[in-house]
Every structure is written in C-alpha cells, then in structure tokens.
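Coordinate analysis (summary)
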Amino acid sequence: MWLYLMTPVGLYYLLRWYREKQVVSNLQDKHVFITGCDSGFGNLLARQLDRRGMRVLAACLTEKGATELRNKTSDRLETVILDVTKTESIVAATQWVKERVGNRGLWGLVNNAGISFPSGPNEWMNKEDFAKILDVNLLGVIEVTLSMLPLVRKAKGRVVNVSSILGRISIVGGGYCISKYGVEAFSDSLRRELCYFGVKVAIIEPGFFQTAISSSDGHFSHVKMLWEQASSEVKEFYDKKFLLSCEWDLSLVTDCMEHALTSRHPRTRYSAGWDAKLIYIPLSYLPTCLSDAFFYRTSMKPEKAL
Ligand SMILES: NC(=O)c1ccc[n+]([C@@H]2O[C@H](COP(=O)([O-])OP(=O)(O)OC[C@H]3O[C@@H](n4cnc5c(N)ncnc54)[C@H](OP(=O)(O)O)[C@@H]3O)[C@@H](O)[C@H]2O)c1
C-alpha cells in the first residue's frame, strides 16, 4: 500500500529535481542588474553571481557601498548609484545598463532594494509613514521594472522580485506588509503578461533574516519616540519574537535568487528560511479564522502595545 503511495511522490520529486537542475547556457555573457547591493541579500548575490562568472551590474544607494563591493569582486562587476525612489536616478541607471548590454539585452533584473521602517502598530503611524515604505518597496520596484523591461524582453530574460513571507501573511502594522502584498500582485500580473515574450518572473519570499534592514534607524522621530515609550514587556516581546525566528545564513535566500536567474526552469515562488517553510507559508494557506487564532495566542495584546 505504502509503496503505491510513495512511488508517484518519489517520481514527482525526482523529475522536479532533474528539471530544475538544468542550467541556461553561456552564463558568462549574461548581464544581471541588482538593486540595493550596499548590504544584505543584494550584496551577497552580486558577489555570488560574480564568482559564477556572470556580468553583474550592481546598483548601490551610496558611493561607499559601491566602492566596498568593487573591492571585493572581480573587474567584471560594475556598479552604479541608484535611488529607486527617484525617477531621474532610474532613467540614468537604465541608460547606463543599455550602454553595457547592447543588443544582447538584460538577462536578469533583481528588484531587491527595500526598507522595513517605520514599522509598529498601525495606530502609531500616519500617512507619511506608510508612503515612505511604499515609495521604496513597491513604487520603486514598479518604476525600475517598467524602465528596464524593454531590455529584459530583448534578452528573453528573468525578473526576480524580492517579496517576503509578509507578502503572504500580514502580521506587522505599517507599510511593510502592504508593500510586499503589492510586490506579489505586481509580479503575478507581470508573469502572466510576459510569458508570451519568453520572459520568466520569479518571486522570492524570505522569512526573517539578520541584515541591516532590521536596524530601527529608519523610523521617523514620532514612531521612534513611541517605541522608546513602550513598556519593557513590549520591547522584550518583539526582540524575542524576532531573534527566535531569525536566520543568519543569507545564502539560503541568494541561492534561490541564483536559481531563478540560472535555471532553465525557474520556480514561480521561492520560500527561504525554516520559519517561512514551516510556519508562515503553511499559516498563509489556513482558513483565516485559524491563522487569526494562532496570532491571537502568540502576539502581544494591543492594550499592552498601544
Ligand atoms: N532581512 C529580512 O528578514 C528580509 C525578509 C524578507 C524580505 N526581505 C527583503 O529583502 C530585500 C533586501 O533586504 P535585506 O534584508 O538584504 O536588507 P538590507 O541589507 O538593508 O538591504 C537593502 C538594500 O536596499 C538599499 N536601499 C534602501 N533604500 C533604497 C533606495 N531608496 N534606493 C535604492 N536602494 C535602497 C539599502 O541601501 P543602504 O544599505 O545604503 O541603506 C540596502 O543596500 C528587501 O526588499 C527586503 O524587504 C528581507
């Protein structure tokens, strides 16, 4: 009985493994443009693809970040300064990319740049707090994609958008979850449109990882003040919740991005991190009443945070 059940499952995974391990040819001729390469996933991915021999066009927010990255990589890797919230910066970066890729087009566009603060209970926020995150995490992704798309289409290449498990289940107030739900929706419509042109779109959904994004420097002063006023019980709760589920090995995420860019058959969605795979993705499939009950029992009660 078990044999009859296990054989098709085993065969399915064997076939999937074989299909997914096939790599596209001529990687050394392919250009990949990555946003947010100063630190975190973007920085590691730039170095990883450079080691793999690909032509990395790394966009950094600061000159310092760009210089440090160039010092750690081969002469093949080139950097450009890009602020994804500024149209003129995106236009200039697109022209810079166009000059480098020529008639080959752009094989990979990785929309990675992002911020996570101001975050906290919704009632602590004003419209500007929401707009700050949406500007980088959602409108930035949309504007960079629209600007680079003709180059990606020319190469019949890949768009890789970095979302989050918080784009599947909304558990933090402020603009972050909203921005990532938006990235998921944008990526889904893009994938359905672009498949006719041979372009593939992949979404990366990491769990919680220890990177610079978790630094609360991004708070506006009024939100910072509310956090400072919060009781030690609230702070301890959030610190514990974050640290307990936090993963340190960033390559779990960059390996997914690399697969999305180099496999002949990339996946539509990649989840990275044990918390994403074992907790948040399964929770996102549960009926709302059950996921609400889970968060009701495990979250700080609002009367303590507000
Ligand atoms: N870490 C996690 O737990 C986690 C989980 C799920 C999803 N993500 C997503 O993963 C992506 C990368 O985040 P990370 O964790 O690697 O954090 P990170 O180290 O802070 O990387 C974010 C990068 O984006 C850059 N950036 C910020 N604002 C920008 C702007 N306006 N224009 C261009 N670049 C800008 C940052 O530059 P500076 O360093 O100069 O500020 C930094 O290089 C983000 O989209 C994030 O939402 C992270």
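Not measured: the values here are computed from a predicted model.

Here we come to the sheet that holds strand S6 (residues 200–206). Taken in spatial order, the seven strands make up an open sheet running S3-S2-S1-S4-S5-S6-S7, and their pairing is parallel. Of all the strands in the sheet, the pair left with one neighbour each is strand S3 (78–81) and strand S7 (269–272). If you compare each strand with its neighbour and ignore which way they point, the axes differ by 15 degrees on average. Running at roughly 160 degrees to S6, helix H6 (residues 175–194) makes contact with strand S5 (158–162), S6 and S7 of the sheet.

Residues Met1, Trp2, Leu5 and Met6 make up a contiguous nonpolar surface patch of about 530 Å² in total accessible area. Looking at the secondary structure, you find Leu5 in helix H1 (residues 2–20).

Further remarks concern the site of the ligand. As a matter of local geometry, the ligand sits amid 28 residues, with Ser39, Asn112, Tyr176, Phe209 and Thr211 nearest to it. In the environment of the ligand, an oxygen atom lies 3.3 Å from a nitrogen or oxygen atom belonging to the backbone of Asp38. Between the ligand and Tyr176, the relevant distance is 2.6 Å, taken from an oxygen atom to a side-chain nitrogen or oxygen of the residue. Taken by itself the ligand offers 880 Å² of open surface, and the protein chains cover 89% of this. Only helix H2 (40–51) and H6 provide two or more residues apiece to the shell around the ligand. Taken together, the residues of the shell around the ligand break down into 14 nonpolar, eleven polar and three charged.

A separate point is unusual backbone geometry. Leaving glycine out, the prevailing phi sign among residues is negative, and the prevailing peptide bond configuration is trans. Look at the link from Phe117 to Pro118: it is a cis peptide, with omega at 10 degrees. The topology assignment puts Pro118 in the loop between strand S4 (108–111) and helix H5 (127–155). The backbone of Asn26 sits at a positive phi, close to 50 degrees, despite the residue not being glycine. Along the polypeptide, Asn26 turns up in the loop between H1 and strand S1 (31–34). Even without being a glycine, Lys156 presents a positive backbone phi close to 50 degrees. Positionally, Lys156 belongs in the loop between H5 and S5.

Right, let's talk about the state of the cysteines for a bit. Covalently bonding the sulfur atom of one cysteine to the sulfur atom of another cysteine gives a disulfide. Here the structure, examined in full by the defined rule, presents zero disulfides. Note on Cys60: no disulfide assigned, nearest cysteine sulfur contributed by Cys37 at a separation of 5.3 Å. Cys60 gets classed as buried once you look at its relative accessible area, which sits at 0%.

Moving on, we get to the packing of aromatic side chains. This model, assessed by the stated rule, comprises four aromatic pairs. A ring pair is formed by Tyr12 and Tyr13, whose centres lie 5.1 Å apart and whose planes are at 75 degrees; its orientation type is edge-to-face. With a relative accessible area of 48%, Tyr12 lands in the partly exposed category. Residue classification places Tyr13 among the partly exposed residues on the basis of a relative accessible area of 46%. On the numbers, 5.6 Å between centres and 80 degrees between planes, the contact of Phe41 with Phe209 is edge-to-face. A residue pair is termed long-range when its members are at least 10 positions apart, and Phe41 in helix H2 and Phe209 in the loop between S6 and helix H7 (221–229) qualify at 168 residues. Each member of the pair, Phe41 as well as Phe209, carries the same accessibility label: buried. A cation over an aromatic ring shows up here: Lys30 above the ring of Trp107, its NZ or CZ 4.7 Å from the ring centre. Here Arg153 stacks its cationic end above the ring of Phe197, 4.8 Å away from the centre of that ring.

Among the nonpolar cores identified, the biggest contains 32 residues, and Val32, Ile34, Ala46 and Leu49 are the most heavily contacted of them. Listed by contribution, the elements that provide at least two residues to this core are S1, H2, strand S2 (55–60), helix H3 (63–72), S5, S6, helix H9 (251–262) and S7. Among residues more than four places away in sequence, those in contact with Ile34 are Gly42, Leu45, Ala46, Leu49, Val56, Leu57, Ala58, Ala59, Val110 and Asn112. If you look at the next biggest cluster of nonpolar residues, it comprises 29 residues, including Leu138, Val152, Leu190 and Leu194.

Time to look at the pairing of S7. Of the two faces of S7, only the one carrying Tyr270 and Ala272 is buried; Arg269 and Ser271 on the other face are not. With four bridges connecting them, S6 and S7 associate as parallel partners. Counterpart to Ile203 in the pairing with S7 is Arg269.

Our focus in this paragraph is the packing of H2 against H9. Relative to each other, H2 and H9 sit at 55 degrees, their axes nearing to 9 Å. Taken together, the axes of H2 and H9 are oblique relative to one another. When the axes of H2 and H9 are compared, the crossing they make is right-handed. In this structure, H2 contributes Phe41, Leu44, Leu45, Gln48 and Leu49 to the contact, and H9 contributes Ser251, Val253, Thr254, Asp255, Met257, Glu258 and Leu261. When the residues that make up the contact of H2 with H9 are grouped by side-chain class, the tally is seven nonpolar, three polar and two charged.

Quick notes on the rules
Residues numbered from 1 in each chain as written. Predicted model: local features only at pLDDT ≥ 70, side-chain atom pairs only at ≥ 80, totals over all residues. Heavy atoms only, no water. Pairing = 2+ DSSP bridges. Helix = DSSP H or I, 4+ residues; strand = E, 2+ residues; numbered from the N terminus. Axes fitted to C-alpha atoms, helices over the stretch in contact; angles between N-to-C directions. Contact = heavy atoms within 4.5 Å. Patch = residues over 30% accessible without salt bridge, like charges linked within 9 Å, V, L, I, M, F, W, Y side chains within 5 Å. Areas by Shrake-Rupley, 256 points an atom, 1.4 Å probe, with all protein chains shown as cover. Salt bridge = Lys/Arg side-chain N within 4 Å of Asp/Glu carboxyl O. Near = heavy atom within 4 Å. Polar contact = N/O pair within 3.5 Å; in protein donor to acceptor, adjacent residues only side chain to side chain. Nonpolar A, V, L, I, M, F, W, Y, C, P; charged D, E, K, R; others polar. Disulfide = S-S within 2.5 Å. Buried < 20%, exposed > 50% of the residue type's maximum accessible area, 1.4 Å probe, protein only. Phe/Tyr/Trp six-rings, centres within 6.5 Å; stacked < 30°, edge-to-face > 60°. Lys NZ or Arg CZ within 6 Å of the ring centre and 35° of its normal. Core = buried A, V, L, I, M, F, W, Y, C linked by side-chain atoms within 4.5 Å. Parallel < 35°, antiparallel > 145°, perpendicular 65-115°, else oblique. Left-handed = near helix turned anticlockwise from the far one by under 90°.

That's the geometry; what it means functionally is another story.
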